[in-house]
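What follows is the residue order along each chain.
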Amino acid sequence: MLDLHIHTTASDGTYTPTQVVRMAKEKGFTLVAITDHDTMDGVAEAMEAGKQYNVEVIPGVEISSGVSLVVHMLGYGMSPQHPVIKAMLEDMRLARVERMYRIIDNLKALGIPITAQEVEALADGAIGRPHIARVLVAHGVAPDVRTAFREYIGLGAKAYAERRKMTSEEVIGNIRAAGGVPVLAHGGLLRLTEVELSAWIDAMCKAGLMGLECYHNAHTPEIERFLRRAAKERGLLVTGGSDFHGETRKDVDLGTGL
């Protein structure tokens, strides 16, 4: 068994890379990919754990890209030390920190005084909105992370702030330049019609897209079939991943949706 979309404490997951690999071994997986948001900081630890537990670990990352249409792009097989990847991920890190401060300022304007230090204390790696949400829960501002997103920091919510992103074409180009494989993550979540998604996939193929994540916990059987067909027609790779984050999504376990 394999799972090619897993998050750890290097971004917004709740289990360390070593814990994730150990869990994968216990559940019978032979191959996993660590795909934290905008960082590959957990890859080295996961690969060492893979040697210990006899689980093959593919180095990966999930990059948020696009402007009007926010697209998550998975990249597989690159070295975290490749200069193109290092530069891209450092830019992503700075963009996340910049957004954190804007969100905190927005929250303060609403009379909710949380600090950057509180958010950073929860983040072992890349800072994300889930860390801010957990601080809001700790302050009693929201009963849970999902409510914190819906009421305060999700798209269109009271304290939301947009994050500076690269275009999808730029991200695909960087992944390819580093010898990696760029794959569209959970295309069914883009909320596009099949005609619109087909046109987008065609445009990204011209930019170098190499695969589609057809199997995902949020995909309906219909979108799964559509994406498999789209991949076959264009000669693209078919991948699948649970998008496992740990305790923040108790309904999604390793392998869910595959």
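Everything in this summary refers to the structure shown in the same document.

Parameters and conventions
- Residues numbered from 1 in each chain as written.
- Predicted model: local features only at pLDDT ≥ 70, side-chain atom pairs only at ≥ 80, totals over all residues.
- Heavy atoms only, no water.
- Axes fitted to C-alpha atoms, helices over the stretch in contact; angles between N-to-C directions.
- Helix = DSSP H or I, 4+ residues; strand = E, 2+ residues; numbered from the N terminus.
- Parallel < 35°, antiparallel > 145°, perpendicular 65-115°, else oblique.
- Left-handed = near helix turned anticlockwise from the far one by under 90°.
- Contact = heavy atoms within 4.5 Å.
- Nonpolar A, V, L, I, M, F, W, Y, C, P; charged D, E, K, R; others polar.
- Salt bridge = Lys/Arg side-chain N within 4 Å of Asp/Glu carboxyl O.
- Buried < 20%, exposed > 50% of the residue type's maximum accessible area, 1.4 Å probe, protein only.
- Phe/Tyr/Trp six-rings, centres within 6.5 Å; stacked < 30°, edge-to-face > 60°.
- 1 Å grid on protein atoms, 1.4 Å probe; cavity = no way out; pocket = protein on both sides within 12 Å on 5 of 7 lines; lining within 4 Å.
- Points joined across faces, edges and corners; volume = space filled by probe spheres on them.

1. Thoughts on the packing of helix α7 (residues 168-177) against helix α8 (residues 194-207)
Right, so step 1: The geometry of α7 relative to α8 is characterised by a closest axis approach of 9 Å and an angle of 40 degrees between their N-to-C directions. In terms of their interaxial angle, α7 and α8 are classed as oblique. α8 is crossed by α7, and the crossing has right-handed handedness. Here Ser168, Glu169 and Ile172 of α7 lie close against α8, whose contacting residues are Trp200, Met204 and Ala207.
Right, so step 2: Looking at the contact of α7 with α8 residue by residue, the classes come out as 4 nonpolar, 1 polar and 1 charged.

2. Observations regarding the pattern of salt bridges
Right, so step 1: Taken as a whole and judged by the stated rule, the model has 15 salt bridges.
Right, so step 2: Residues Glu151 and Arg150 are paired through a salt bridge, measuring 3.6 Å at the closest nitrogen-oxygen approach.
Right, so step 3: Judged by relative accessible area, which is 56%, Arg150 ranks as exposed.
Right, so step 4: Here Glu247 ties to Lys250 by a salt bridge, and the two come within 2.3 Å at their closest N and O atoms.
Right, so step 5: For Glu247, a relative accessible area of 39% corresponds to the partly exposed category.
Right, so step 6: For Lys250, a relative accessible area of 68% translates into the label exposed.
Right, so step 7: One network of salt bridges, with partners in common, ties together Asp38, Arg96 and Arg163.

3. Some words on the packing of aromatic side chains
Each pair of aromatic rings is reported with the distance of its centres and the angle of its planes.
Right, so step 1: For the structure shown, the criterion picks out 1 aromatic pair.
Right, so step 2: Each ring, one from Tyr15 and one from Phe244, has its centre 6.1 Å from the other, and the planes form 5 degrees; the classification is stacked. With a gap of 229 residues between them, Tyr15 in the loop between β1 (2-6) and α1 (17-26) and Phe244 in the segment after β7 (237-241) connect regions that are remote in the sequence.

4. Thoughts on the layout of surface pockets
Right, so step 1: One number sums up the size of the largest pocket: a volume of about 1600 Å³.
Right, so step 2: Around the largest pocket, the lining comprises 39 residues; the ones closest to its centre are His72, Arg129, Phe149, His186 and Leu189.
Right, so step 3: Listed by contribution, the elements that provide at least two residues to the lining of the largest pocket are β3 (56-65), α3 (83-109), α5 (129-138) and α6 (145-153).
Right, so step 4: When grouped by side-chain class, the residues that make up the lining of the largest pocket number 12 nonpolar, 14 polar and 13 charged.
Right, so step 5: The volume enclosed by the second largest pocket comes to roughly 240 Å³.
Right, so step 6: Within the lining of the second largest pocket, the residues separate by chemical class into 5 nonpolar, 3 polar and 5 charged.

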